[in-house]
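Read off the chains here:
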Amino acid sequence: MNMQEVRLALRAYREDRGSYPSSLEGLAGYLEVQAECPATGAPYVYKATGAGYEISCPNPGEHGVETLKASDTSVPSREGQASPGGANGG
């Protein structure tokens, strides 16, 4: 499962119902698997924002970046490079 698949499911949900769901659990029937980070299995962080939404990975360091996010207006993007040793690895 990746963010792009979640974005497509969110788009289909909005086309059917006129707005985005209040949580990713609302996508039941639109996704065949859980909306989660493929590296860790942790659920994506989802926030409805007025007429849009934001999705972010809960563990971007597992992908070697500081942030990994997408929205209704932007494709998944990676920002920054994660520190290899955490707070002491910088």
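Rules used in this analysis
Residues numbered from 1 in each chain as written. Predicted model: local features only at pLDDT ≥ 70, side-chain atom pairs only at ≥ 80, totals over all residues. Heavy atoms only, no water. Helix = DSSP H or I, 4+ residues; strand = E, 2+ residues; numbered from the N terminus. Buried < 20%, exposed > 50% of the residue type's maximum accessible area, 1.4 Å probe, protein only. Contact = heavy atoms within 4.5 Å. Core = buried A, V, L, I, M, F, W, Y, C linked by side-chain atoms within 4.5 Å. Phe/Tyr/Trp six-rings, centres within 6.5 Å; stacked < 30°, edge-to-face > 60°.

Caption draft 1: View of the overall build of the protein chain. Summing up its helical and strand segments, the protein chain has one helix and four strands in all. The secondary structure elements of the protein chain, listed N-terminal to C-terminal, are α-β-β-β-β. Counting only residues that meet the buried cut, the protein chain has 27% of its 90 residues in that class. Taking all contacts inside the protein chain whose residues are at least 6 apart in sequence as the whole, residues at least 24 apart take part in 31%.

Caption draft 2: View of the nonpolar core. Membership of the largest hydrophobic core comes to 19 residues, with the highest contact counts inside it found for Val6, Leu10, Leu24, Leu27, Tyr44 and Ile55. Elements that contribute at least two residues to this core include exactly helix H1 (3-17), strand S2 (52-56) and strand S3 (67-71). Sorting elements by how many residues they give to this core places H1 first, with five residues.

Caption draft 3: Structural view of the packing of aromatic side chains. In total, this model carries three aromatic pairs according to the counting rule given. Relative to Tyr53, the ring of Tyr20 has its centre 4.8 Å away and its plane inclined at 75 degrees; by these criteria the two rings are edge-to-face. Of this pair, Tyr20 sits in the loop between H1 and strand S1 (45-49) while Tyr53 sits in strand S2, and the two are 33 residues apart along the sequence. Neither residue differs from the other here; Tyr20 and Tyr53 are each classed as buried. Ring pairs connect the aromatic residues Tyr20, Tyr46 and Tyr53, which therefore count as one cluster.

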